[in-house]
Amino acid sequence: MRTTTLLTAGALLLAGPARTLAQTTDPNLNNGESPFVRLIRPDRPGQTITTNMLYPGQFQLETGLTRYDAGSSVGYAGRSAWGSTLRVGFFNHIELRATQNYLLTPAARPASIEGTPAAYTGPAGFAPLNVGAKFLASTVQNARSQVVVLFDMNLRNGDASFPDKQFEPGARLLVSQQLGQRFGLEGNFGFRQRGFKAEGTKQGQYLTTLALNGPLGAGSHLGFLAETYATWQRQQGWRPGLTTGLYYRPAPGLRLDVTAGHGLTAAAGGFNVGAGLAFRFGK
């Protein structure tokens, strides 16, 4: 039992809902040319990972800078970080992905006894790499109702300044419902634990999200994101928050975005702002 991981239990937990939801998809529904599907849908920004999956031979790069308040319950509290995700479409309805964060050294440093800025000793540089894969659970890719399962893991590499690095397996159930031709409602339910032993589940974190996104006005270039999320950890309890943002899409495969978020309780407090872009290439 000591080697039983929460990832294994979570996979069994996710299999039932994924199988049930997958059966609700109409296999004869041709939805591939709707704007919601045809236009780029990145996994950034916010906490919600989209059900969108790339076709074989497609590549998508998403990158952005986010500043987290010292009281933030998500991301790197009190720090600024570049986050980049490379997504690759694979065969058999699989998408491979890798996410790399780079933590910037704070501009303001504590003063030494002499009053001069002291050397910064906290974590900085490249964080542990996250690798994972999406698997289609629906009958048809890019249908109006979509179900996807994501498995990922934080590795033990990265800059030596990051303490107590461990393998951190995680899993998410991703669901979406297209509203009309251009709007979408997407939700995530997932978890992550530290290490592979059973006691690592005590430090595990659960995440739930619900996001609405779509265009502003009659065109498809300018749009919005509105998201609510909550994290739960045994030692910290529930920490809910909101994220909102705008995006501009000058081309079907290119999107720029700006976002802002904040916790809804004192424990989940912390303001964060970010900006980034995503572009897709390949047919």
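About the cut-offs
Residues numbered from 1 in each chain as written. Predicted model: local features only at pLDDT ≥ 70, side-chain atom pairs only at ≥ 80, totals over all residues. Heavy atoms only, no water. Helix = DSSP H or I, 4+ residues; strand = E, 2+ residues; numbered from the N terminus. Buried < 20%, exposed > 50% of the residue type's maximum accessible area, 1.4 Å probe, protein only. Contact = heavy atoms within 4.5 Å. Areas by Shrake-Rupley, 256 points an atom, 1.4 Å probe, with all protein chains shown as cover. Salt bridge = Lys/Arg side-chain N within 4 Å of Asp/Glu carboxyl O.

Chemist: Could you clarify how one ought to interpret the overall build of the protein chain in this entry?
Modeler: Across its full length, the protein chain carries 2 helices and 13 strands. Scored against the burial criterion, the 283 residues of the protein chain give a buried share of 43%. Contacts in the protein chain between residues far apart in sequence, at least 24 positions, make up 57% of those at least 6 positions apart. For the protein chain, the accessible area works out to roughly 14,000 Å², and carbon and sulfur atoms hold 63% of it.

Chemist: What is the right way to look at the pattern of salt bridges in this model?
Modeler: Working definition: two side chains of opposite charge can pair if their charged atoms are close together. Inspection of the entire model under this criterion finds 11 salt bridges. We note a salt bridge from Lys134 to Glu95, for which the minimum N-O separation is 3.9 Å. With Lys134 in strand 5 (residues 130-136) and Glu95 in strand 3 (residues 94-103), the pair connects residues that are 39 residues apart, well separated along the chain. Judged on exposure class, the residue Lys134 and its partner Glu95 are both buried. Among the ionic pairs, Arg192 bridges to Asp152, the shortest N-O distance being 2.6 Å. In this pair, Arg192 sits in strand 8 (residues 183-192) while Asp152 sits in strand 6 (residues 145-154), placing the two residues 40 residues apart along the sequence. Residue classification places Asp152 among the buried positions, given a relative accessible area of 12%. Because the salt bridges share partners, they merge into one network encompassing Asp43, Glu62, Arg87, Glu95, Arg97 and Lys134.

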